[in-house]
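# Structural characterization, general
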Amino acid sequence: MKKIAVLGYGTVGSGVVDLFEINAASIAKKAGEPIEVKYIVDIRDFSQDKNAEKFVKDFGVIENDPEVSVVVETIGGTNPAYDFTKRALLAGKSVVTSNKELVAKHGAEFLQIAKEKNVNYLFEASVGGGIPVLRPIAQCLAANEIDEIYGILNGTTNYILTRMIKAGLTFEKALSEAQEMGYAERDPSADIEGHDACRKICILASLAFGRHIYPDYVKAEGITKVTLDDVRLAGKADMVIRLLGRTKLAPDGKVFAYVGPHLVPKSSPIASVEDVFNGIMVHGNMVGDTMFYGPGAGKYPTASAVSADVIDAVVHADKRRDIGWDDAGEEAVADMSAFTSKYYVRIEGESARSAATQSFKDIEFIDDSHATAFITAEMSEAEFERKLAALSERSEVLSRMRVLY
Ligand code: HSE
């Protein structure tokens, strides 16, 4: 019998506790022995909960209990999750987490401690919720050089965009629906401003390229500026708006990474990823394009990924899983001014069309009687910013987004 502790009894943590009860028999078979949740740590009062006798408030109890071999951290945020994770690893326990903020900010440090202590630090649930994606990149695609990953990494914003596109809902109404369904982070700005997707693309970039890519060096833009006008114009160009995280190997060997709303052609598999689902495209030099699709958030999908990591940590108690990367600094991240893309631009003002043509030359206007919008040719971000600055002297720039092609 293996004993584990679950830190944080919120949506994901309570899902993990439930899952180990519901699937106890099949998990015991796969792990080679039963796995039991011995402790749950949460500062809130759960004296009426069915698992009331498992609750402790002092993390030291777990740290000092040699029976606990795996600690599940589903508290979220950095405090006290950072401290508990470090103490658990230093105490020689494997740690499994869904906490993307912690992995994105401190992954390299924890991976190093785990290596020194010969335990595992596993975080499959930190990207894509219930979708298996980190382990496939690290193991099934191990024979490839990964050169690009992009995808829909945030369920809340994808839900919001889907509802804006399909039901014509305002951004605010769609956000409150997403919150009611329990998809949004405690602070919704992490979702809608792109920070959550940024943490996830940093984890994917770190894993794919072997160097820690820190969120502080990666630009993230969310969906708060996307309007129903943009949704309509994208539709007229046979595209949909999606918030994408993207990372790509730069020609100089550094790593491009960013998050931002994009116009995505309806013919792209990413365009058909709707609601709270995530879809992640991974390109390997041998395999070509692969796509990972599934529920990117929610109690049981995320608990499914966390619990599989627990089973893995139990099965590989004496052997480290090779899922990780080395530490690196800002020098690992490529300057986005060299990144090339096509762009969508919406403008307003007298002679807006001729101003756009003069500034950008080679553009395609989107046919619409209410607005002036166009799509540029492919160019570097530096060139785009220069041309947009020239245009903004004659027209008001209302909206701009990258276009996937
Ligand atoms: N708020 C996150 C999302 C939860 O909507 O994707 C899963 O990481």
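Bear in mind that the values here come from a model prediction, so they are computed numbers and not experimental data.

### Comments concerning the layout of surface pockets
What the second largest pocket holds in volume is close to 400 Å³. The set of elements that each furnish at least two residues to the lining of the second largest pocket consists of β8 (219-220), β10 (255-265), α14 (381-392) and β17 (396-403). Looking at which element gives the most residues to the lining of the second largest pocket, the answer is β17, with six residues. In terms of residue class, the lining of the second largest pocket is made up of ten nonpolar, two polar and seven charged.

### Brief notes about the side chain of N99
Note that N99 resides in the loop between β5 (94-97) and α5 (100-117). Looking at N99, its side chain comes within polar contact range of the side chain of E73, at 3.2 Å. For N99, the side chain forms a polar contact with the main-chain oxygen of G77, separated by 2.7 Å. Contacts of N99, omitting those with residues within four sequence positions, involve E73, G76, G77, A81 and S126.

### Comments concerning the nonpolar core
Ranked by size, the top nonpolar core spans 87 residues in total, and within it I62 and L204 carry the most contacts. Looking at this core element by element, the count peaks at ten residues for helix α10 (residues 195-209). Those residues in contact with I62, other than ones at most four positions away along the chain, are A5, L7, Y39, V41, V56, V68, V71 and K93. Residues V17, F20, V72 and L122 belong to the second largest nonpolar core, which totals 26 residues.

### Here's the deal with the environment of V397
By the element assignment, V397 lies in strand β17. With 51 residues separating them in the primary sequence, V397 and R346 have C-alpha atoms 6.2 Å apart. The residues contacting V397, other than those within four sequence positions of it, are V345, R346, I347, L388 and S392.

### What about helix α12 (residues 299-315)?
Its 17 residues give α12 an end-to-end C-alpha distance of 24 Å, which sits within 8% of 24 Å, the value for a rise of 1.5 Å per residue. All of the buried residues along α12 are T302, A303, A305, V306, S307, D309, V310, I311, D312, A313 and V314.

### Re the packing of aromatic side chains
This structure, assessed with the given rule, holds 16 aromatic pairs. Ring geometry for F59 against F84: centres 4.5 Å apart, planes inclined by 15°, an arrangement best described as stacked. Taken together, the residues F59 in helix α3 (residues 59-63) and F84 in helix α4 (residues 81-90) connect sequence positions 25 residues apart. Here F59 and F84 have matching classes, each one buried. Centre to centre, the rings of F360 and F384 are 5.8 Å apart; their planes meet at 45°, and the pair counts as tilted. Of this pair, F360 sits in helix α13 (residues 352-360) while F384 sits in helix α14; the two residues are 24 residues apart in sequence, bridging distant segments of the chain. Taken individually, F360 and F384 each receive the classification buried, so the pair is uniform in this respect. An aromatic cluster is defined as three or more aromatic residues linked by ring pairs; in this entry it consists of Y82, F110, Y121, F123 and W325. Over the ring of F365 we find R353, and its NZ or CZ is 4.0 Å from the ring centre. Directly above the aromatic system of Y258 lies the positively charged group of R402, at a separation of 3.9 Å from the ring centroid.

Conventions and cut-offs
- Residues numbered from 1 in each chain as written.
- Predicted model: local features only at pLDDT ≥ 70, side-chain atom pairs only at ≥ 80, totals over all residues.
- Heavy atoms only, no water.
- 1 Å grid on protein atoms, 1.4 Å probe; cavity = no way out; pocket = protein on both sides within 12 Å on 5 of 7 lines; lining within 4 Å.
- Points joined across faces, edges and corners; volume = space filled by probe spheres on them.
- Helix = DSSP H or I, 4+ residues; strand = E, 2+ residues; numbered from the N terminus.
- Nonpolar A, V, L, I, M, F, W, Y, C, P; charged D, E, K, R; others polar.
- Polar contact = N/O pair within 3.5 Å; in protein donor to acceptor, adjacent residues only side chain to side chain.
- Contact = heavy atoms within 4.5 Å.
- Core = buried A, V, L, I, M, F, W, Y, C linked by side-chain atoms within 4.5 Å.
- Buried < 20%, exposed > 50% of the residue type's maximum accessible area, 1.4 Å probe, protein only.
- Expected span 1.5 Å × (residues − 1).
- Phe/Tyr/Trp six-rings, centres within 6.5 Å; stacked < 30°, edge-to-face > 60°.
- Lys NZ or Arg CZ within 6 Å of the ring centre and 35° of its normal.

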